[in-house]
Amino acid sequence: MKGYTSETIRNVALVGHGGCGKTTFLESALLATGVIDRLGKVEDGNTVSDYDKMEIEKGFSINTSIVPVEWKDSKINFIDTPGYFDFIGEVNAALRASEAAVILVDAGAGIQVGTEQAWKACERYKMPRFIVINKRDKDEFDFYKTFNKLKAKFGETLIPFSWPLTAEIDEELKEAIAMTDDLLMEKYFNGDDFSDEEIKKGLVKGISEGGIVPVCSSAFSLGHGIEGLLDLLVTYVPTPLQHGVYKGFNDNNEQVEKMCVVDATPSAFVFKTIVDPFVGKISIMKVVTGKLTSGMEILNERTGKTEKLGKLFFLRGKEQQELNYAEAGDIVAVAKLQHTVSGDTLCDKNDIIRYLPLDYPSPSLYVAIEAVDKKTQTPLEGVKISVVNEKGKKIWKHVTLTALKEKVIPSWYTIQVEKVPKGYQKPKNQKIKVKAVANVQKYKVELTKEAQVQTEKRVDTENFDKTTGNDHSGFSSDNTPDNENAVTAAKTGDASWMEMWIFAGLMAASSMILWFFRKKRHIR
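Residues numbered from 1 in each chain as written. Predicted model: local features only at pLDDT ≥ 70, side-chain atom pairs only at ≥ 80, totals over all residues. Heavy atoms only, no water.

## A closer look at the environment of Lys-58
Operational definition: Starting at the N terminus, helices and strands are each numbered in turn, a helix being any DSSP run of H or I of at least four residues and a strand any DSSP run of E of at least two.
With respect to the element layout, Lys-58 can be found in helix H2 (residues 53-58). Between the C-alpha atoms of Lys-58 and Glu-43, which are 15 residues apart in sequence, the distance is 8.8 Å.

Laid out in structure tokens, this is it:
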């Protein structure tokens, strides 16, 4: 992929309820532009943007993915977001890196929870938006019925839109264009027609200010409406240079504002971090000002440490395409940054800025996994567990509880204890379902100390447990030493048990030999 200038770049977030067709749209767009030669399907697990193992397993998007599409000498950086509101933080991060959003609506389902959440997120970020009613091939599709419901819910700014625009544009659209400029309003009241240039100017301004929200229809799975939507986005989505000011703070904690321009010191905002099994940590960032180049040194404002940028590359799903530089407004990825995490600002050390942090919602369900002593309820370290999916496959193997804090465990998974501290036993129930307790998703690994065995000559075989080394013959707990360093309990128990069996075997053998000789003498 060639490098693009700021004027030819569009950054667009795809938002909407799960299953409305965001990923299918990207597949159709990549097919239409010749990037792929076969249309992938979400249910088959072979789409470009849903490449994660869990996404393929579940059949829906979980992570934000970047899929650039080249169209008519421009590049549209599509940011595919998860549709389910469990991942609304991913949507917020994607909108921070975009100049516009496309809200997709299922023609059969109409307005859903994800539709409303997407609209609210666009309102919060004052994001120019388009609405696409997808799956118009359904029998129950009725454009104006769905459009009227959308308009009743989201307001009068919604305008039915078809592409390409004809000379006789709709009266409702003509009025909306007139509202964007006093001269156009005067011309509208005089009954004069708008020129093509005036229509484009009015639409660009109206869409960018939120006064016009175009609504169109499509059937992306059949390839209908792909080229029209790409044309619409290239023509009417604001370029990064037309974006409003980016707010932040300088090294004196004073509020400052930056415009997206190429002729400035470099600065970038990291809005997503992923881990590649081969490359390692990848930081995805939007270049706000200046230009980033491979090998340059840049300051991490949060840590105060300098990062050296390795090779820059574009992402298209999991595919990586190297490039030498990225201009203001572009989205680029860098691997193996040592001190950088999502939400960090990278900038010139002589022009320090900290852009506003990512807006993640407060969690409604917390994940807490801890190992405790069953008797004292004291938290323990040194426990290793594996996370098992519903098919019995270990997703994460032998991880510590500290490492597990960085992962999200779905409620349909189970946890298997693999290793416990010295002197403790594994719980009997090895695979335990993760359950929600109030608003805390907690799994408590309760470990029991190994009891020390009484060193007596006689062993009560009926009450002795060879697995744990515990004597259940009726001794009270006060008679059982509670010494944390008495780790030889199980070994002592196993040895005593082995001696008993050897002795019993010898006795049985002696009895058999004696019986044999008696029988032989009786026969004689």
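## Remarks on the nonpolar core
The test is simple: Buried residues of nine kinds, namely Ala, Val, Leu, Ile, Met, Phe, Trp, Tyr and Cys, make up a nonpolar core once their side-chain atoms join them within 4.5 Å. Burial classification: accessible surface area is computed with a 1.4 Å probe over protein chains only, and a residue below 20% of its type maximum counts as buried, one above 50% as exposed, and the rest as partly exposed. Contacts: residue pairs with any heavy atoms within 4.5 Å of one another.
Within the largest apolar cluster, 46 residues are counted, with the highest numbers of intra-cluster contacts made by Ile-131, Leu-158, Phe-271, Ile-282, Ile-284 and Leu-315. Sorting elements by how many residues they give to this core places helix H3 (residues 88-96) first, with five residues. With near-sequence residues (within four places) excluded, Leu-315 lies in contact with Ile-66, Val-67, Pro-68, Ile-274, Ile-282, Ile-284, Gln-320 and Ala-333. Counting residues in hydrophobic clusters, the runner-up holds 44 residues, among them Phe-25, Trp-71, Leu-203 and Leu-232.

## A look at a nonpolar patch on the surface
Spelled out, the test is: To count toward a patch, a residue needs a relative accessible area over 30% and no salt bridge; like charges are then connected within 9 Å, while nonpolar side chains (Val, Leu, Ile, Met, Phe, Trp, Tyr) are connected within 5 Å. Here, Shrake-Rupley sampling with a 1.4 Å probe gives the accessible areas, and only protein chains in the shown set may cover a residue. Here, a salt bridge means any side-chain nitrogen of Lys or Arg that lies within 4 Å of a carboxyl oxygen of Asp or Glu.
A cluster of nonpolar side chains, namely Val-245, Met-259 and Val-261, defines an oily patch on the protein surface of about 210 Å² accessible area. Within the secondary structure, Val-245 is located in the loop between helix H9 (226-236) and strand E8 (246-249).

## Details of the sheet that holds strand E19 (residues 345-347)
Defined as follows: Following DSSP output, two strands are said to pair if at least two bridges run between them. To obtain each axis, a line is fitted to C-alpha atoms, and for helices this fit is confined to the stretch in contact; angles are then taken between N-to-C directions over 0 to 180 degrees.
An order of E14-E13-E19-E10-E11-E18-E15-E16 is seen for the eight strands of this open sheet, with the pairing classed as antiparallel. Each edge of the open sheet carries a strand with a single partner, namely strand E14 (306-308) and strand E16 (319-323). Taken over all neighbouring pairs, the strand axes of this sheet differ in orientation by 40 degrees on average, direction set aside. Direction of pairing for strand E15 (residues 312-316) relative to strand E18 (residues 331-335): antiparallel, over a ladder of two bridges. Bridge assignment links Leu-312 to a residue of E18, and that residue is Val-334.

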